[in-house]
Number of protein chains: 2
Amino acid sequence: MFDRLPARVRVYEVGPRDGLQNEAVFVPTEDKVRLVEYLHAAGLRDIEITSFVNPRWIPPLADAEHVAAALRDAPLADCRLTALVPNERGLERALENGVREVAVFMSASETHNQRNINKSIADTWPAFAPVFARCIAEGVRIRGYVSAVWGCPYEGEVAASQVTDIAQRLLDLGVYEVSLGDTIGVGTPRQTARLLEALLERIPANALAMHMHDTRGTALANCLVGLELGITTFDASIGGMGGCPYAAGASGNLATEDLVFMLHGMGVETGIDLGHLARAGAFAQACLGRELPGRALKALCAAG
Amino acid sequence: MFDRLPARVRVYEVGPRDGLQNEAVFVPTEDKVRLVEYLHAAGLRDIEITSFVNPRWIPPLADAEHVAAALRDAPLADCRLTALVPNERGLERALENGVREVAVFMSASETHNQRNINKSIADTWPAFAPVFARCIAEGVRIRGYVSAVWGCPYEGEVAASQVTDIAQRLLDLGVYEVSLGDTIGVGTPRQTARLLEALLERIPANALAMHMHDTRGTALANCLVGLELGITTFDASIGGMGGCPYAAGASGNLATEDLVFMLHGMGVETGIDLGHLARAGAFAQACLGRELPGRALKALCAAG
């Protein structure tokens, strides 16, 4: 077993965006910036910093312009900072504040897409067109999120062929990578193997990332399957910041420290220092005024 | 992947013993009995109910006699109730109260064994002799725990050959099964594969169980490796009850609901009903007056 593991994995940090957008507390802009600096100091080189959605929808990220502008001037060497943009208006705001890499999102489930971005999947493509055209013209890299891949809160299981079609179309349109999301955290390893095997028939592993939620404790087991099948980019959130939007009080994102602990234990390099990462996690806990669900963070804090 | 998974797995519930012994609260005897009844109602058929150690060492389990005596008279069909016994005196107390299956424990690490049971590993064997002789004479089944298998809080990594020698000797002495414990929760999947592959060269898979701690979030990923290598018995604790004795505030035991959720999602039968299991978990939380760390439990409670 494990004779073909990758030597190195890229950890894509989503805490400041996907984590904070699901937290009840508004973290002041300067603390958001400091959190990103802590994450960079721990060795993370891909950090999603905020979301340029309408501030009325997601009040915790209402200061997106200020966060992006502050980080444009911060000395974060070799670090790619990404911001989520839902539409042209969001992209405009992002570009005005120095963002050079954006993420777009849609759902693999028709009902989830409708409820989440108020459009059918078919109508989502034309809405992407001007965003993609502008990004390509300006040399801005685009990442694509596909959510509800392992299951939809309204429709249940989603067909692998549907996921593959959407991922392929996003890549054809120009995203450099598709991040597959287990939005409600229902994925289990055999399903993950089947899903990835179907996707990998048409899409190369290095164009895919896994964005697993730990709502039922299976995130790392699913990542392990992805690792064995050649996936080398994994999304995670510092401390496991961000709950599950469909189950109040439940855990959401996979904790970055748990992922990094497992990878390092398996001899897979990440470029991340776990001790520094715990400091970032402790800072995130202090910002939110609550204990975060990440397990390794608790163990690292207990160890002092 | 996963074309040789077992059709069915046995889940061995350790919450009432290994969970409660690491909790600060003393749960009244009648609630302990009710918890076992809830677990049985959920479909668990192997439950470790208490420990007959000296009550001064583990005050939360000071009522071992009362728990065992109450459960002797409870109508729990087809259920094996086990109690931990550290020595002859403990065995005597267990037998007097109707216990018909016991567990003994030792460590794979010399220092951990010394600190935990105050004897060298060499001196532990003669101390076991009268316990084993009495059990065999009375037809009482014995389970053997080996702790610190994935790492020792004092010595670090433990040699696979040392673990194998100890497990083999326990089986030779008459235990029906050896449960391998990741006491401090440091195991990662590649290590698990190497360790189990070494053990399985000399010991059949059906004589081994895995007892993983989720201190750093890797318990299920490690169980997945065991499952792929033919292990069919896994220990778990309802709600993830019981902290890590070597890291205050950190998580300890793997949560039963997380394990069962993953197994069912993979099409592996357990005979357990997840809805009923959540009720047992909610009751455990009420007994302890704190939120337990199990992730699926939070999701199940949130779903109502």
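Bear in mind the structure is a predicted one, so any value in this text is a computation, not a measurement.

Calculation criteria
- Each residue is numbered by its place in its chain's sequence as written, counting from 1.
- Written order decides the labels, with chains lettered from A and ligands numbered from 1.
- Restriction of local features to residues with pLDDT of at least 70 applies here, the model being predicted, together with a cutoff of 80 or more for giving and counting side-chain atom pairs; totals for whole chains, interfaces and linings are based on all residues.
- Segments assigned H or I by DSSP are reported as helices when at least four residues long, segments assigned E as strands when at least two residues long, and all are numbered from the N terminus.
- The globule rule used here is 2.2 Å times the number of residues to the 0.38 power, and the radius of gyration it is set against is calculated over C-alpha atoms.
- Counting other C-beta atoms within 10 Å of a residue's own tells you its class, since 20 or more makes it buried, 12 or fewer makes it exposed, and anything in between is partly exposed; those C-beta atoms are placed from the backbone.
- The contact criterion used here is simple: two residues whose C-beta atoms, placed from the backbone, lie within 7 Å are in contact.
- Each residue is assigned to one class: nonpolar for Ala, Val, Leu, Ile, Met, Phe, Trp, Tyr, Cys and Pro, charged for Asp, Glu, Lys and Arg, and polar for all the others, Gly among them.
- The directions considered for the arc run from the helix axis to the C-beta atoms.
- To line up the copies, we fit them by least squares on C-alpha atoms, keeping just the residues with pLDDT of at least 70 in both.
- Throughout, an axis means a line fitted to C-alpha atoms (over the contacting stretch in the case of helices), and angles, computed between N-to-C directions, take values from 0 to 180 degrees.
- Our angle categories are set so that under 35 degrees counts as roughly parallel, over 145 as roughly antiparallel, 65 to 115 as roughly perpendicular, and the remainder as oblique.
- Pairing between two strands is assigned when DSSP locates at least 2 bridges connecting them.
- What pLDDT reports is the predictor's confidence in each residue, on a scale of 0 through 100.

Chemist: Any chance you could explain the overall build of chain A here in plain terms?
Modeler: The secondary structure content of chain A amounts to twelve helices and ten strands. In summary, chain A has a C-alpha radius of gyration of 18 Å against a globular reference of 19 Å for 304 residues, a match within 12%. The C-alpha extent of chain A, read off along each of the three principal axes, is 50 × 50 × 35 Å. In chain A, buried positions account for 55% of the 304 residues. Long-range contacts, defined as pairs at least 24 residues apart, comprise 75% of the intrachain contacts of chain A with a sequence gap of at least 6.

Chemist: Explain the interface of chain A and chain B to me, please; I cannot follow it from the model alone.
Modeler: Contact residues are listed per partner, giving 35 residues for chain A and 35 residues for chain B. Where the side of chain A that touches chain B is concerned, the elements lending two or more residues are α8 (189-200), α9 (219-228), β10 (247-251), α10 (256-265) and α12 (295-302) of chain A. Of the residues contributing to the side of chain A that touches chain B, the split by class is 20 nonpolar, nine polar and six charged.

Chemist: Before we go on, may I ask you to explain α12(A) in this structure?
Modeler: An α-helix turns once every 3.6 residues. As a result, residues three or four positions apart point the same way. With seven of its eight residues buried, α12(A) lies for the most part within the structure. Here α12(A) has its buried residues at R295(A), A296(A), L297(A), K298(A), A299(A), L300(A) and C301(A). Buried-residue contacts for α12(A) involve α10 and α11 (274-288) of chain A together with β9 (243-244) and β10 (247-251) of chain B.

Chemist: Just to check I follow, could you spell out the environment of N54(A) for this structure?
Modeler: Turning to its location among the elements, N54(A) is positioned in the loop between β2 (46-51) and α3 (64-72). Along the sequence, N54(A) and V85(A) sit 31 residues apart, while their C-alpha atoms lie 9.7 Å from each other.

Chemist: Explain helix α3 (residues 64-72) of chain B here, please?
Modeler: The set of residues buried in α3(B) consists of A64(B), V67(B), A68(B), A70(B) and L71(B). For α3(B), the angular spread of buried residues about the axis comes to 165°, placing them on one side.

Chemist: Hey, could you run me through the relation of the copies chain A and chain B in this one?
Modeler: What relates the pair of chain copies is a rotation about an axis plus a shift along that axis. For these two chains of identical sequence, chain A goes onto chain B by a turn of 180° and a shift of 0.0 Å along the axis, with RMSD 0.0 Å. The relationship between the two copies is best expressed as a two-fold rotation axis. Closest approach to the rotation axis within chain A is made by the C-alpha atom of A221(A), at a distance of 2.1 Å. A symmetric contact is evident, with 100% of the interface residues of chain A recurring at the interface of chain B.

Chemist: Is there a simple way to think about the packing of α10(A) against α11(A) in this case?
Modeler: Each pair of packed helices can be summarised by the angle the axes make with each other and by the distance between the axes. All names here are of chain A. Where α10 meets α11, the axes come as close as 10 Å, and the angle between the chain directions of the two elements is 170°. In terms of their interaxial angle, α10 and α11 are classed as roughly antiparallel. When α10 is examined against α11, the residues T256, E257, V260, F261 and H264 are found in contact with a partner set consisting of L274, L277, A278 and G281. By residue class, the composition of the contact of α10 with α11 is five nonpolar, three polar and one charged.

Chemist: Please explain unusual backbone geometry as it appears in this structure.
Modeler: As a rule of thumb, non-glycine residues mostly have phi less than zero, and peptide bonds are mostly trans rather than cis. The residue F2(A) is not glycine, and still its phi comes out positive at about 60°. Mapping F2(A) onto the fold places it in the segment before β1 (10-13). Its 17 C-beta neighbours within 10 Å are what place F2(A) among the partly exposed residues. Even without a glycine there, the phi angle at D78(B) is positive, about 55°.

Chemist: I'm lost on the pairing of strand β8 (residues 233-236) of chain B in this one. Help?
Modeler: Along a regular strand, successive side chains alternate from one face of the sheet to the other. By the bridge criterion, four bridges tie strand β1 (residues 10-13) of chain B to β8(B) in an arrangement that is parallel. Bridge pairing in β8(B) links R10(B) to T233(B).

Chemist: Hey, could you run me through the confidence of the model for chain A in this one?
Modeler: As a general rule, the predicted coordinates of low-pLDDT regions are not to be interpreted in detail. Here chain A averages 96 in pLDDT, and 100% of its residues register 70 or above. Here the predicted complex scores 0.97 on pTM and 0.96 on ipTM.

Chemist: Before we go on, may I ask you to explain the packing of helix α11 (residues 274-288) of chain B against helix α12 (residues 295-302) of chain B in this structure?
Modeler: Residues and elements named next belong to chain B. Taken N-terminus to C-terminus, the directions of α11 and α12 make an angle of 100°; their axes are 10 Å apart at the nearest point. Relative to α12, the element α11 lies roughly perpendicular. Contacts between α11 and α12 pair L274, A278, G281 and A282 from the former with L297, L300 and C301 from the latter. Of the residues contributing to the contact of α11 with α12, the split by class is six nonpolar, one polar and no charged.

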